[in-house]
Number of protein chains: 2
Amino acid sequence: MKSYAIIGTGAIGGYYGARLAAAGFDVHFLARNDYRYIRDNGLVIESKDGNFTLPRVNVYSSAADMPACDVAAITLKATANHILPEILPAVVKKDGAVLVMQNGFGYEEQVAKIVGPERVLGVLCFICSNKTGPGHIMHLDFGHVTVAQFTKDDTPSGITPLIKEVAADFTRAGITVHTAPDLGTARWKKLVWNIPYSGLSVVLSALTDAINKNPQSRELVVNLMHEVRAAARACGHPIEEGFVAKMISDTDSMTPYRTSMIIDYKEKRPMEVEAIFGNPLQAAKKAGAKMPLVEMLYQELKFMDENNK
Amino acid sequence: MKSYAIIGTGAIGGYYGARLAAAGFDVHFLARNDYRYIRDNGLVIESKDGNFTLPRVNVYSSAADMPACDVAAITLKATANHILPEILPAVVKKDGAVLVMQNGFGYEEQVAKIVGPERVLGVLCFICSNKTGPGHIMHLDFGHVTVAQFTKDDTPSGITPLIKEVAADFTRAGITVHTAPDLGTARWKKLVWNIPYSGLSVVLSALTDAINKNPQSRELVVNLMHEVRAAARACGHPIEEGFVAKMISDTDSMTPYRTSMIIDYKEKRPMEVEAIFGNPLQAAKKAGAKMPLVEMLYQELKFMDENNK
């Protein structure tokens, strides 16, 4: 059984780390503000798939105290990624894998610069989960992940042995896993959902169901999704046309969801504006594609982020 | 000295009506919620050009009680325009003029259907004024108006005798007046300012100075302005290119201003979304022009308006 370092014990790291620990993996959690609470009380997962608690977990307030693990999962907010060059070498073995489990775009490349490209996977999390208190995670809907391999030149890797290994671990932990031969396409597909719903949740101060219910904002979501799809194609990652309609109808049937971006905004934390908007805009621009509506959303969010301090 | 009916005694009607009354015109104010207060206390104008009070004014709670005047000035919110077919015939003489002093687009046409096109002027108000309480108007900046004549086919009227007459009255009341030979161009020019600042003031919950200060929202204002300018040209109303830069720098040097749209939003009143956004979008569409960024702002505002009840 492999050892896992979970870098950030929030809505993502808390949930998936707890699943891995409950399945018997040797899991080590890094926590900042919640360290004492988790040390004394463990983790509580309220899940649509059944609640469970881990009264005792291995938790650390500093990466320097952690053992080097077989796999490190980055589950920080992307806005905290500047700490990775210092942390990563300590928490993962020299030949260990690093899973980028964050929202947004461009972070596998950042991590590859620290540990080398062949050890980096993107693990895209399709989950509605919120941290409701220290060590307390509420899992509302979905929960599956897509695992894909980073490549230096953004070309498809196919399904590598490393993908299969990690997929097997997650499957063993009861998590539904998809594997993808092309990380770029997987990341762009996730943006098709993330860009409209994360952005508009903040600008409109709304949950997903309200955004879908109003005819004008619903139309705006569709327009934004098509723009992202066109940019993805320009970047060499075509997405089938029906994907937009599927994302809309999946959201229609989903539990009304408060995105992590609006939670960050309401709690006056920095939002992942560059991760979800700025970096894809840059990538599209490099490929000669414009996303005027996405850019407008980016500009609105930059204003709101700066004026939220 | 002509008689004036002021239909709506708020930030616009209260200010300009008071100026006309102070200059000796026979002014009759229609007020709804503020009727009793104004009847008992008159009007108080705090103005950057000098404060003044009118302790007694002719004020009415019903149009049926008002005398038919030489000129009727419509200073209602455009969202209340459905009452005009009933009110207008009562408050203006059969050959009297009607001044559309509202924000937005398309209302002269509506009024022309009630009183005939040759009697309808657009009076565009370039003023930062707010109603701070019943009968209490705060005039912060600017204050000039542009007077132009409605024509049925949206072609330039030139400077008609009626324009000159009304311009003379307003000038006598100490108001700086410009006259315009083409109402369409004048309306589109006003939209160049109104669309970005009114819309973004609500979406970003911000005053004009904050919108201009942030580099991303400033860029968004410029992008929106150019889009409006392109639509104006498509509609046969070209606006010189330097106008955008002038609007930006005028706003830079202007007193930080809370737009009437965000005041409506915060006080949970309906916003003039159709007036300022919906109607121009329709007009542009008819002329084969697209305004994708303006449409996105419209969609956002429609959502916010509907969810503000």
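Residues numbered from 1 in each chain as written. Chains lettered and ligands numbered in written order. Predicted model: local features only at pLDDT ≥ 70, side-chain atom pairs only at ≥ 80, totals over all residues.

Undergrad: Would you explain the overall build of chain A in this entry?
TA: A count of helices and strands for chain A gives twelve helices and ten strands. Relative to the compact-globule value of 19 Å for 309 residues, chain A shows a C-alpha radius of gyration of 18 Å, a close match. Principal axes of the C-alpha set define a box for chain A whose edges measure 50 × 40 × 35 Å. Among the 309 residues that make up chain A, the fraction classed as buried is 52%. Contacts spanning at least 24 positions in sequence make up 70% of the contacts within chain A whose residues lie at least 6 apart. (Helix = DSSP H or I, 4+ residues; strand = E, 2+ residues; numbered from the N terminus. Rg over C-alpha atoms; globule rule 2.2 N^0.38 Å. Buried ≥ 20, exposed ≤ 12 C-beta atoms within 10 Å, placed from the backbone. Contact = placed C-beta atoms within 7 Å.)

Undergrad: So what exactly am I meant to see when it comes to the pairing of strand β7 (residues 92-100) of chain A here?
TA: Regular strands place side chains that alternate from one sheet face to the opposite one. All names here are of chain A. In this sheet, β7 lies alongside strand β6 (residues 69-74) in parallel orientation, the contact comprising five bridges. Counted as the bridge partner of A73 is L99 from β7. Note that β7 and strand β8 (residues 120-133) share three bridges and pair parallel. Of the residues in β8, the one forming a bridge with V98 is V120. (Pairing = 2+ DSSP bridges.)

Undergrad: Would you explain the domain arrangement of chain A in this entry?
TA: Put simply, an interface is often sized by how much accessible area is lost when its parts join up. All names here are of chain A. In terms of domains, chain A is made up of domain 1 (3-181) and domain 2 (185-306). When each unit is reduced to the centre of its C-alpha atoms, the spacing between domain 1 and domain 2 is 23 Å. If you look at the interface, domain 1 gives 19 residues, while domain 2 gives 20 residues. Within the residue set of the side of domain 1 that touches domain 2, elements represented by two or more residues are β8 and β9 (136-149). Per-class residue counts for the side of domain 1 that touches domain 2 are eight nonpolar, eight polar and three charged. (Domains from an automatic or database assignment. Nonpolar A, V, L, I, M, F, W, Y, C, P; charged D, E, K, R; others polar.)

Undergrad: Can you help me understand helix α1 (residues 13-22) of chain B in this one?
TA: The α-helix winds at 3.6 residues per turn, so residues separated by three or four positions along the chain end up facing the same way. All names here are of chain B. Among the ten residues that make up α1, nine are buried, leaving the element largely enclosed by the rest of the structure. All buried positions along α1 are accounted for by G13, G14, Y15, Y16, G17, A18, R19, L20 and A21. Count one or two residues on from α1 and you reach G24, which has phi positive near 100°.

Undergrad: Mind showing me how you'd approach the relation of the copies chain A and chain B here?
TA: Applying a rotation about an axis and a shift along it to one chain copy brings it onto the other copy. With an RMSD of 0.0 Å, the fit of chain A onto chain B corresponds to turning through 180° and sliding 0.0 Å along the axis. Expressed as a symmetry operation, the mapping of one chain copy onto the other fits a two-fold axis. In this assembly, 100% of the residues forming the interface of chain A have copies in chain B that are likewise at the interface, indicating an isologous arrangement. (Least-squares fit on C-alpha atoms with pLDDT ≥ 70 in both.)

Undergrad: Can you help me understand the pairing of strand β2 (residues 26-30) of chain A in this one?
TA: Residue and element names in this part refer to chain A. Most of β2 sits inside the fold, with four of its five residues counted as buried. As paired strands, strand β1 (residues 3-7) and β2 are joined by five bridges and run parallel to one another. If you follow Y4 over to β2, its bridge partner there is V27. Between the parallel elements β1 and β2, the chain passes through helix α1 (residues 13-22) in a crossover that is right-handed. Note that β2 and strand β5 (residues 58-60) share three bridges and pair parallel. Counterpart to F29 in the pairing with β5 is V59. (Right-handed = clockwise from strand over helix to strand, strands pointing away.)

Undergrad: What should I look at first to understand the environment of A11 of chain B in this one?
TA: Looking at where A11 of chain B falls in the secondary structure, it is placed in the loop between β1 (3-7) and α1. Those residues in contact with A11 of chain B that lie beyond four places of it in its chain are S129, N130, K131, I137 and S260 of chain B.

Undergrad: Got a minute to help me understand the interface of chain A and chain B in this structure?
TA: Taken together, the 18 residues of chain A in the interface contact 18 residues of chain B. Elements represented by at least two residues in the side of chain A that touches chain B include exactly α8 (215-234) and α12 (292-306) of chain A. Within the side of chain A that touches chain B, the residues separate by chemical class into nine nonpolar, five polar and four charged.

Undergrad: It is not clear to me how the confidence of the model for chain A should be interpreted in this structure. Could you clarify?
TA: The predicted structure's coordinates, where accompanied by low pLDDT, should not be read in detail. With 100% of its residues at a pLDDT of 70 or more, chain A shows a mean pLDDT of 96. Here the predicted complex carries an ipTM of 0.89, next to a pTM of 0.91. (pLDDT = per-residue confidence, 0-100.)

Undergrad: What am I meant to see in the packing of helix α6 (residues 183-203) of chain B against helix α8 (residues 215-234) of chain B here?
TA: For any two helices packed against each other, the geometry is given by the interaxial angle and the distance between the axes. All names here are of chain B. Across the interface, α6 lies against α8 with an axial gap of 9 Å and an inter-helix angle of 145°. The handedness of the crossing between α6 and α8 is right-handed. Across the interface between the two elements, W188, L191, V192, I195, P196 and L200 of α6 pack against S217, V221, L224, M225, V228, R229 and A232 of α8. (Axes fitted to C-alpha atoms, helices over the stretch in contact; angles between N-to-C directions. Left-handed = near helix turned anticlockwise from the far one by under 90°.)

Undergrad: Any chance you could explain helix α4 (residues 107-115) of chain A here in plain terms?
TA: All names here are of chain A. All of the buried residues along α4 are Y107, E108, V111 and V115. Angular distribution of buried residues about the axis of α4 spans 95°; they occupy a single face of the element. Close packing links the buried residues of α4 with β6, α3 (84-91), β7, β8 and α6 (183-203). Positive backbone phi, at 90°, marks G116, one or two positions downstream of α4. (Arc of directions from axis to C-beta.)

Undergrad: Just to check I follow, could you spell out unusual backbone geometry for this structure?
TA: Across residues other than glycine, the phi torsion is negative in most instances, and most of the peptide bonds are trans. Even without being a glycine, D154 of chain A presents a positive backbone phi close to 65°. Its place among the elements puts D154 of chain A in the loop between β9 and α5 (161-172). For D154 of chain A, a count of 16 C-beta atoms within 10 Å translates into the label partly exposed. Within the chain, K268 of chain B stands out as a residue other than glycine whose phi angle is a positive 60°. Checked against the element boundaries, K268 of chain B lands in the loop between α10 (260-266) and α11 (273-286).

Undergrad: Would you take a moment to explain the environment of Y298 of chain B for this structure?
TA: Residue and element names in this part refer to chain B. Here Y298 shows up in helix α12 (residues 292-306). Residue Y298 is classed as buried on the basis of its 22 C-beta neighbours within 10 Å. Residues Y298 and I276, spaced 22 residues apart in sequence, show a C-alpha to C-alpha distance of 9.0 Å. With near-sequence residues (within four places) excluded, Y298 lies in contact with V273, F277, G278 and L281.

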